[in-house]
Amino acid sequence: MPVNLTRNAIAMMNSGDVNSKPLVQVVDIKLIGNSQERYRFLLSDSESTQHAMLATQLNEQVRTGRVKKGSIIQLIDYICSTVQNRRIIVVLNMETIIPEYEIIGNPKLLMGSEPEANKSMPNNNLFEPSTRSTNNRYSAPAPANKAQSFQPTIQPAYQPPPNYKIQGPIMKNEAPARIIPIAALNPYQGRWAIKARVTAKGDLRRYNNARGDGKVFSFDLLDSDGGEIRVTCFNAVVDRFYNVIEVGKVYLISKGSLKPAQKNFNHLKNEWEIFLESNSTVELCPDEDGSIPRQQFSFRPITEIESAENNSILDVIGIVISVNPSVPILRKNGMETQRRILNLKDVSGKSVELTLWGDFCNKEGQKLQEMVDSGLFPVLAVKAGKVNDFNGKSIGTISSTQLFIDPDCPEAQGLRAWFESGGRNTASISISKEIMPGGSKNEIRKTLTQIKDEGLGRSDKPDWVTAKATVVFIKTDSFCYTACPLMIGDRQCNKKVTQSGNKRWLCDRCNQEFEECDYRYLLQVQIQDHTGLTWVTAFQEAGEEILGCSAKEMYLLKYELQDDTRFGEIIRGRLFHQYLFRLKIKEELYGDEQRVKITVVKVDKVNYSAESRYLLDMVTKNLPNRKQF
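Residues numbered from 1 in each chain as written. Predicted model: local features only at pLDDT ≥ 70, side-chain atom pairs only at ≥ 80, totals over all residues. Heavy atoms only, no water.

Q: I keep staring at the overall build of the protein chain and nothing clicks. Help me out?
A: Helix and strand content of the protein chain: 13 helices and 32 strands. Across the protein chain, the fraction of contacts at a sequence separation of at least 24, relative to all contacts at a separation of at least 6, is 61%. Entry remark: accessible area of the protein chain is about 33,500 Å², with carbon and sulfur atoms responsible for 49%. (Helix = DSSP H or I, 4+ residues; strand = E, 2+ residues; numbered from the N terminus. Contact = heavy atoms within 4.5 Å. Areas by Shrake-Rupley, 256 points an atom, 1.4 Å probe, with all protein chains shown as cover.)

Structure follows, in C-alpha cells:
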C-alpha cells in the first residue's frame, strides 16, 4: 500500500511550524556524541530532507528497533532551531507508524538547512515563489500560486536565546501533551495524555510488607476507541486522587508511568497498567463526552461458561429467575461476610448460579430479591465475574465485579424481548446443578473400586466424581498445618508458615512476619464403601465438615491444652459416619513416582429421602422392559 508523507513538511518545520504533526520517513540514523548517547536522523517528506536530533528520552526506540532506517514516523512534539548556523529539527516526541518501508521518492537536502557560508540562494525566505521549482523541490523557481497554499498558517521562525547551549531544559517540551488512544500507550512514549471514563473504582486497601505499611487503590478507564486500562495509586498519591475519582466521570490523565499489568489481579485486556506519581495530573472533564461509553461488555453465553477455565474472568448477562436469602459466612481469616445465591438463564437454554459476596448481597442482591418476589424478573449484566468449577460451573463476584440491573444495551433488550415472547416458560438446564431427583450438581457416581479399575485421574485433566462412603479411619499425627492469614487480593494466602527466632510467624510468599498464624486442615482419611476402601485428603472446609469443628480448636486441644481424652473422643465420634464425597482425582508426581491423589472438595451428609429417590430412579432405568410388568 503506498504511503503519502506530509507534503512540504520539512520546509514548514524550518519556517517555525510546531503544530502540524507531520508524517515523515527516517532515511538515515547515526549515533553521535562521546559523553552522552545521541542519535541524529535524516528525515524526509519524499521531496526534501533535513537533519534532526532525537531527544535522549527517545533513545530506547532506536535501541529496541522500533525506529530504524526506512521507518515511517509521526512527529508529535518538535522544534526547529539554529545550531552552529544550521537549521536542525529537535524531535521531542514521536510515534512509529510503519516500522519498515522502502525509501519514498528521491529526496534532496533542503537548501537553507546547510551553514550560511554554503548557501547559494540570494533569498532567505523559503516560501518566496522564486525559490521553488515546478516539482516542489526547493532548488529552483516555482509558480507563485502553489507557494501560497500554506503560507497563512506558518508561524514565525523560532529563534533560541543566545545561551541555548547551557539551557538544558530547552529540550523539554512544556506544551500540553497530545491526547492519544489507550490502545496506543506504551512505556517507550515520552509525553502522553488520555481522555477516558472511569468504569470501576476499587476499595482503599492497606498492606504491610518488608518496606513498611502502605495503602493502595485502583480504578479502570475506558476511552472512546474501546481501549481499557487499570490505573493504580500508592500512598501519598492515594491521598491526592482517591476522593477525586468518581465512577462514570470523564478525566484527562497524564504524566503517569506504564508497567506490565499484574494479570493475577487485573482482568482487563491490556498488557500495561498506569501507575500515577507525584507529578501526575488528573483533570475532570465537566462536559459529558457522548463518544465514550459508560461501560463496555464482552458477554459470553451461559452455555460457553460450561467450558470456561476455572478462575477465568468474564462478562455474562441473563434473566434472574430466582434469588436466595442472604446468609452469613465465616471467611478463612475469621471475618464474617454475607453470601447470596441467585440463578440466571438466557436464550442458550442453560442457566447458571451466581454467588454474590459481601456488599453485593445487601445492595444489588436485596433489590433483586424484592423484584423477583414481586413477580418481576429483571435482566442482570455481570461485569468481571469469576468462574468457579466447584460442583459444576458457577459465577462469583470479586472486588472488581460490577452488577447492572436492567441495563440499557442491545443485549439486554434482546433478552427481555425473548423472555416476554415465550422464554419465560422455556425450560433451562443448569450448568451448576443437574435437575435429577436425589442427584447433586453435575454428579457422576462411582464406587471406590471403579475409581481404580477405570484408571480415573490418569489423563491430562482431573476427574470429578461423587462417591457414597463411610469414614473408617482418620490419621491424627499431622492433621493440620500453620498457614499465612494475610489476604492477597480477595483471597487468603494460606501458604505454610514457619516460626522465626523472635517467635513470630514468617511467610516466604508474602515476605512478612506476624504475631498469629492460621490453622488449616490437612486430613488423611480412609473411606470405605461396599466395593472397597481408599485414602483421601481433606482440606479446610471438607475437614471441618468431617470433624465438626475448626482446625484451630483441634490444634489447641492436642498441643496447647494437651487434652488427649477430649481430642480422641472427637475423632472416634466422627468414625463410621456415611457421607457423599465430591472427589477430585489427579495423578501427581511424588519424587520420581507418579501417584494418583484423591482430594475431597466437598462433603455432604446423606439425605436418605433424596438418596432413596436416586436409587429408585437408577433401578427404574436399569429394569428390563418386560410386557408382563
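Having seen it, we continue.
Q: Would you explain helix α10 (residues 540-547) in this entry?
A: Working note: α-helix, 3.6 residues per turn, so residues spaced by three or four point in the same direction. Along α10, the residues that are buried comprise Q540, A542, G543, I546 and L547. Axial view of α10: buried residues confined to an arc of 165 degrees, hence all on one face. Downstream of α10 by a residue or two, G548 has a phi angle that is positive, lying close to 80 degrees. (Buried < 20%, exposed > 50% of the residue type's maximum accessible area, 1.4 Å probe, protein only. Arc of directions from axis to C-beta.)

Q: Sorry, what's going on with the sheet that holds strand β32 (residues 593-605) here?
A: The pairing of strands in a sheet happens through backbone hydrogen bonds and is either parallel or antiparallel. Strand order in this closed barrel of 5 strands is β21-β29-β30-β32-β31, and the pairing throughout is mixed. On average, each strand axis in the sheet is tilted by 60 degrees relative to the strand beside it, whichever way the strands run. Strand direction decides the pairing type here: strand β21 (residues 463-474) and strand β31 (residues 578-590), joined by 8 bridges, are antiparallel. Its bridge partner lying in β31, A469 is registered against Y579. Docked against the sheet, α10 engages β21, β29 (523-529), β30 (532-538), β31 and β32, running at close to 55 degrees with respect to β32. (Pairing = 2+ DSSP bridges. Axes fitted to C-alpha atoms, helices over the stretch in contact; angles between N-to-C directions.)

Q: Explain the packing of helix α11 (residues 551-560) against helix α12 (residues 564-573) to me, please; I cannot follow it from the model alone.
A: Packing of α11 against α12 leaves a shortest axis separation of 8 Å and a crossing angle of 140 degrees. With respect to α12, the element α11 is oriented oblique. With respect to the hand of their crossing, α11 and α12 are arranged in left-handed fashion. Residues M554, L557 and K558 of α11 touch α12, and the partners they reach there are D564, R566, F567, I570 and I571. In terms of residue class, the contact of α11 with α12 is built from 5 nonpolar, no polar and 3 charged. (Parallel < 35°, antiparallel > 145°, perpendicular 65-115°, else oblique. Left-handed = near helix turned anticlockwise from the far one by under 90°. Nonpolar A, V, L, I, M, F, W, Y, C, P; charged D, E, K, R; others polar.)

Q: Got a minute to help me understand α12 in this structure?
A: When α12 is considered as a whole, its buried residues turn out to be F567, G568, I570 and I571. In an axial view of α12, the angular spread of the buried residues amounts to 160 degrees, which keeps them on one side of the axis. Of the exposed residues in α12, the ones pointing more than 90 degrees away from its buried face are T565 and R572. Looking at the buried positions of α12, the neighbouring elements they touch are β21, α10 and α11.

Q: I keep staring at the packing of aromatic side chains and nothing clicks. Help me out?
A: In this description, a pair of aromatic rings is defined by centroid distance and the angle of the planes. Tallied over the entire structure, the rule returns 14 aromatic pairs. Ring geometry for F217 and Y242: centres 4.9 Å apart, planes at 90 degrees, overall edge-to-face. Separated by 25 residues along the polypeptide, F217 in strand β9 (residues 212-222) and Y242 in the loop between α4 (236-241) and β11 (250-260) bring together distant segments of the chain. Residue class for F217 comes out buried when judged on its relative accessible area of 0%. Residue classification places Y242 among the partly exposed positions, given a relative accessible area of 22%. With centroids separated by 6.5 Å and ring planes inclined at 55 degrees, the aromatic side chains of W418 and F419 adopt a geometry described as tilted. Residues W418 and F419 agree in their burial class; the two are buried. Linked through ring pairs, F479, Y519, Y555, Y559 and F567 together constitute an aromatic cluster. Lying over the aromatic face of F275, K259 brings its terminal NZ or CZ to 5.0 Å of the ring centre. (Phe/Tyr/Trp six-rings, centres within 6.5 Å; stacked < 30°, edge-to-face > 60°. Lys NZ or Arg CZ within 6 Å of the ring centre and 35° of its normal.)

Q: Help me understand unusual backbone geometry in this model?
A: Most peptide bonds take the trans configuration, and most residues that are not glycine carry a negative phi. Not every positive phi belongs to a glycine, and S46 is a case in point at roughly 85 degrees. Structurally, S46 can be placed in the loop between β2 (38-44) and β3 (48-54). Its identity as a non-glycine residue notwithstanding, F576 has a phi of 65 degrees, on the positive side. In this structure, F576 sits in the loop between α12 and β31. F576 sits in the exposed class, given a relative accessible area of 62%.

Q: Please clarify how the sheet that holds strand β27 (residues 512-514) should be interpreted in this entry.
A: In space, the 3 strands of this open sheet follow the order β25-β26-β27, with antiparallel pairing throughout. The two strands at the open ends of the sheet, each matched to only one other strand, are β25 (498-499) and β27. The sheet contact formed by strand β26 (residues 505-507) and β27 spans 3 bridges and is antiparallel. Within β27, the residue paired with C507 across the bridge is Q512.

Q: Mind showing me how you'd approach the nonpolar core here?
A: One recurring pattern in soluble globular proteins: nonpolar side chains tend to sit buried together. Formed by 44 residues in total, the largest nonpolar core has its most connected members in V471, I474, I546, M554, F581 and L583. Tallying contributions element by element places β21 first for this core, with 5 residues. Leaving out residues up to four positions away in the same chain, V471 has contacts with V525, Q526, I527, I546, R574, L575, F576, H577, Y579 and F581. In terms of nonpolar packing, the next biggest core, distinct from the first, is built from 24 residues, L185, L258, W272 and I274 among them. (Core = buried A, V, L, I, M, F, W, Y, C linked by side-chain atoms within 4.5 Å.)

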